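Structural characterization, general
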Amino acid sequence: MADFDEASQAFLAWLRHTGAEINPKIKLEDLRHRDAGRGVVAIQDIAEHELLFRIPRSAILSVENSLLSSEIPASTFNALGPWLSLILVMLYENLNGSSSNWSSYFSVLPSEFNTLMFWTKDELAELQASAVVDKIGKESADEMFLEQLVPVIIEISEVFFAGDTRAKQKAEEMRSPANLELMHKMGSLIMAYAFDIESSTPPKNVDEDGYASEEEDEALPKGMVPLADMLNADADQCNARLFYQDRYLDMKALKPIKAGEEVFNDYGPLPRSDLLRRYGYITDNYAQYDVVEIQMDLVADLATAAGIWSTERVEYLDEQEILDSGYDITVSEPFTLQESLSPELIILVETLLLPVEEFDRIKQKGKLPKPEKITGAGAKLLHKIVQTRIAQYATSLEEDSRVLHADSTVGGVTSKSKDRRFAMARAVRSAEKKLLRQAEEALAELTARGGGALKRQRDVDGDVEMGGTGKKQRA
Ligand SMILES: C[S@@+](CC[C@H](N)C(=O)[O-])C[C@H]1O[C@@H](n2cnc3c(N)ncnc32)[C@H](O)[C@@H]1O
């Protein structure tokens, strides 16, 4: 406890020393009793728009600010890209220990993670057939570290391990499992803590609303912003945001915050599976964003078995940007197919089922079947797809809910790490099964009716709104 608080105080003292301003109405609090590490809490009432803290750009742990960037050519960083570049810099600063400018900052960053990357095989098995298991990417990250990062460290070993007579050998040792683990830890810190750092000069290609193009957004350098990243997140209680100024980054209150309340950031509308993958925790109020994914491979297998798979049609759908690696079923209350079933999945299935002349006709016109209507054959195939997806999970919803009922471990109660991981996995997989069950029942009913129209809600312009969140961008 004393060490934990001492590290917090030393960190804040260092941060003030860098020129940061910290509003005395907030403090960094120990929230380990509810498995939330450190968090920022108001100790006096805070007004809307009030400045919570101001971090100088020079205090950001970034490629630009690290000594390493003055020692090696910019082209090395350009070749690595923003993600690996920041990992390189963080490894360098971390290995420099107390001589790094950011050593007090590293003392408050975690060295253990609950993110899926660090789960054991038996823990991951608790997620059963959740598509999130295939998105962890541990092997591909290992490959990137070994093939891209380590060769750079070897090339710059005299700088990376400056003053060390064993520099070359130490660089070679970066291939060791322990060092790969360290790289994963830096990567996980970036995933859960880093910000995309907007430049102090506005981007060149902004649209009429002032937004940068997607490519420009993606290319934004990443940086670790001390203190800004000590804010926990909440799906419904976000009350602060980071504003990018010329020389400073300002965290401001978005609404009045009462004394005793926590200051929360927003990690976005993430399903609990992704929250677990990226941040290593879940809370019930992210359940509103839950999804279950129907993998493209499953659709392809069942369409092939039904004798309707057609390369020509799939290529056409690809041209029309309908193809994806998976299609989501999202939450709706009450559950309806029009709100929850991916319109792209409906279009895919209906296109594969079209009679030859009809397909040729719509292809010639560059059109697609409308997702507002599911034919009898479409409903039947979709039903079969959902049933097959359900069967991929090792246990049923009922079996899970009996165990879930006994779980008091999710939702902030402190618990042993393994029990907590098991409980979080069960919550994620059960939510997916519930969505599948709801879709299965709705499709069984639609099949019995021989298909039918799905009434989609109309937005204010009178345009038809696609169901659910539509085609999601995948990580
Ligand atoms: C940006 S950091 C926030 C600071 C972090 N609590 C710490 O002590 O370093 C993100 C991490 O905080 C934790 N976290 C964030 N929001 C949380 C919440 N509402 N409940 C529990 N843990 C949370 C998760 O471990 C997440 O990976």
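In this text, all values refer to a predicted model and were calculated from it rather than measured experimentally. (Residues numbered from 1 in each chain as written. Predicted model: local features only at pLDDT ≥ 70, side-chain atom pairs only at ≥ 80, totals over all residues. Heavy atoms only, no water.)

Next up on the list: the layout of surface pockets. Its boundaries defined by the atoms lining it, the second largest pocket holds a volume of some 1,100 Å³. As for the second largest pocket, its lining consists of 42 residues, of which D35, A36, G37, Y193 and N232 are closest to the centre. Secondary structure elements with two or more residues in the lining of the second largest pocket: α1 (2-17), α9 (177-193), β7 (232-233) and α19 (417-448). Counting residues per element, the lining of the second largest pocket draws most heavily on α19, at three residues. Its residues assigned to classes, the lining of the second largest pocket shows 17 nonpolar, 14 polar and 11 charged. (1 Å grid on protein atoms, 1.4 Å probe; cavity = no way out; pocket = protein on both sides within 12 Å on 5 of 7 lines; lining within 4 Å. Points joined across faces, edges and corners; volume = space filled by probe spheres on them. Helix = DSSP H or I, 4+ residues; strand = E, 2+ residues; numbered from the N terminus. Nonpolar A, V, L, I, M, F, W, Y, C, P; charged D, E, K, R; others polar.)

Residues in close proximity to the ligand total 14 residues, the closest being A36, R38, Y193, N232 and Y279. Within the backbone of A36, a nitrogen or oxygen atom sits 2.8 Å from a nitrogen atom of the ligand. Take A233: an N or O atom from its main chain is 2.9 Å from a nitrogen atom of the ligand. When isolated, the ligand has an accessible area of 560 Å², and the protein chains bury 88% of it. Mapping the ligand onto the cavity grids shows that it belongs to the second largest pocket. Put simply, the parts of the chain that give the shell around the ligand at least two residues each are α9 and β7. (Near = heavy atom within 4 Å. Polar contact = N/O pair within 3.5 Å; in protein donor to acceptor, adjacent residues only side chain to side chain. Areas by Shrake-Rupley, 256 points an atom, 1.4 Å probe, with all protein chains shown as cover. Sits in = over half its atoms within 2 Å of the grid points.)

Let's shift gears to the sheet that holds strand β4 (residues 51-56). What the four strands build is an open sheet, ordered β1-β4-β9-β8; its pairing is antiparallel. Edge positions in the open sheet fall to β1 (21-22) and β8 (240-244), since each of these has one partner strand only. Bridging between β4 and strand β9 (residues 248-253) involves five bridges; their strand directions are antiparallel. Paired with I55 across the bridge in β9 is L249. (Pairing = 2+ DSSP bridges.)

Where helix α12 (residues 296-305) meets helix α17 (residues 376-391), the axes come as close as 10 Å, and the angle between the chain directions of the two elements is 125°. With respect to α17, the axis of α12 lies oblique. The crossing of α12 and α17 is right-handed. Along the contact surface, α12 presents L298, V299 and L302, while α17 presents K384, I385, T388 and R389. Partitioning the contact of α12 with α17 into residue classes produces four nonpolar, one polar and two charged. (Axes fitted to C-alpha atoms, helices over the stretch in contact; angles between N-to-C directions. Parallel < 35°, antiparallel > 145°, perpendicular 65-115°, else oblique. Left-handed = near helix turned anticlockwise from the far one by under 90°. Contact = heavy atoms within 4.5 Å.)

Here the focus is α1. In this model, α1 (16 residues) spans 22 Å end to end at C-alpha, consistent with the 22 Å of a helix rising 1.5 Å per residue. Buried within α1 are the following residues: F4, A7, S8, F11, L12, W14 and L15. Down the axis of α1, the buried side of the element spans an arc of 160°, and every buried residue falls inside it. Of the exposed residues in α1, the ones pointing more than 90 degrees away from its buried face are A2, D3, E6 and H17. (Expected span 1.5 Å × (residues − 1). Buried < 20%, exposed > 50% of the residue type's maximum accessible area, 1.4 Å probe, protein only. Arc of directions from axis to C-beta.)

Turning our eyes to something else, we now look at helix α6 (residues 138-155). Turn by turn, an α-helix covers 3.6 residues, leaving residues three or four places apart pointing in a common direction. The first and last C-alpha atoms of α6 sit 25 Å apart over 18 residues, in line with the 26 Å expected at 1.5 Å per residue. In the structure, α6 departs most strongly from a straight axis at F145, where the bend amounts to approximately 35°. If you check which residues of α6 are buried, you get A141, F145, L149, V150, V152, I153 and I154. Tucked inside the fold, the buried residues of α6 contact α3 (74-95), α7 (157-160), α8 (167-172) and α9. (Bend = angle between axes of the 7 residues up to and from the residue.)

You can see V108 is positioned in the loop between α4 (103-106) and α5 (121-125). Exposure remark for V108: the relative accessible area of 4% places this residue in the buried category. Apart from residues no more than four positions distant in its own chain, V108 is found in contact with A7, S8, F11, R38 and M230.

Counting 94 residues, the largest nonpolar core has F11, F53, L88, L91, L149, M224 and L227 as its most contacted members. With 10 residues, the top contributor of residues to this core is α3. Setting aside residues no more than four positions away along its own chain, M224 makes contact with I60, L61, L86, M90, Y105, L109, L189, I190, Y193, A194 and D229. Counting residues in each nonpolar core, the second largest holds 36 residues, with Y327, F335, L341 and I347 among its members. (Core = buried A, V, L, I, M, F, W, Y, C linked by side-chain atoms within 4.5 Å.)

The final tally for this structure, using the stated rule, is 24 salt bridges. For R421, the salt bridge identified is with E123, shortest N-O distance 2.9 Å. Of this pair, R421 sits in helix α19 while E123 sits in helix α5, and the two are 298 residues apart along the sequence. With relative accessibility at 9%, the residue R421 sits in the buried group. Owing to a relative accessible area of 4%, E123 belongs among the buried residues under this scheme. Linking K363 and E312 is a salt bridge whose minimum nitrogen-to-oxygen distance equals 3.1 Å. Residue K363 is located in helix α16 (residues 356-364), and its partner E312 is located in helix α13 (residues 311-319); the two are separated by 51 residues in the primary sequence. Under the relative-accessibility criterion, K363 is labelled partly exposed at 32%. (Salt bridge = Lys/Arg side-chain N within 4 Å of Asp/Glu carboxyl O.)

Once that is clear, we can look at the packing of aromatic side chains. Scanning the entire structure with this criterion turns up 10 aromatic pairs. When the centroid spacing of 6.3 Å and the interplanar angle of 10° are considered together, the rings of W14 and Y105 count as stacked. Within this pair, whereas W14 is found in helix α1, its partner Y105 is found in helix α4, the two being separated by 91 residues in sequence. Y105 matches W14 in its accessibility class, with the two residues each being buried. For the ring pair F160 and F161, a centre distance of 5.1 Å and an interplane angle of 75° mean the geometry is edge-to-face. When sorted by exposure, F160 lands in the same class as F161, which is buried. Here the aromatic cluster, defined as three or more aromatic residues joined through ring pairs, consists of F11, W14, Y105 and F106. It is R38 that lies over the ring of F4; its NZ or CZ is 3.8 Å from the centre. (Phe/Tyr/Trp six-rings, centres within 6.5 Å; stacked < 30°, edge-to-face > 60°. Lys NZ or Arg CZ within 6 Å of the ring centre and 35° of its normal.)

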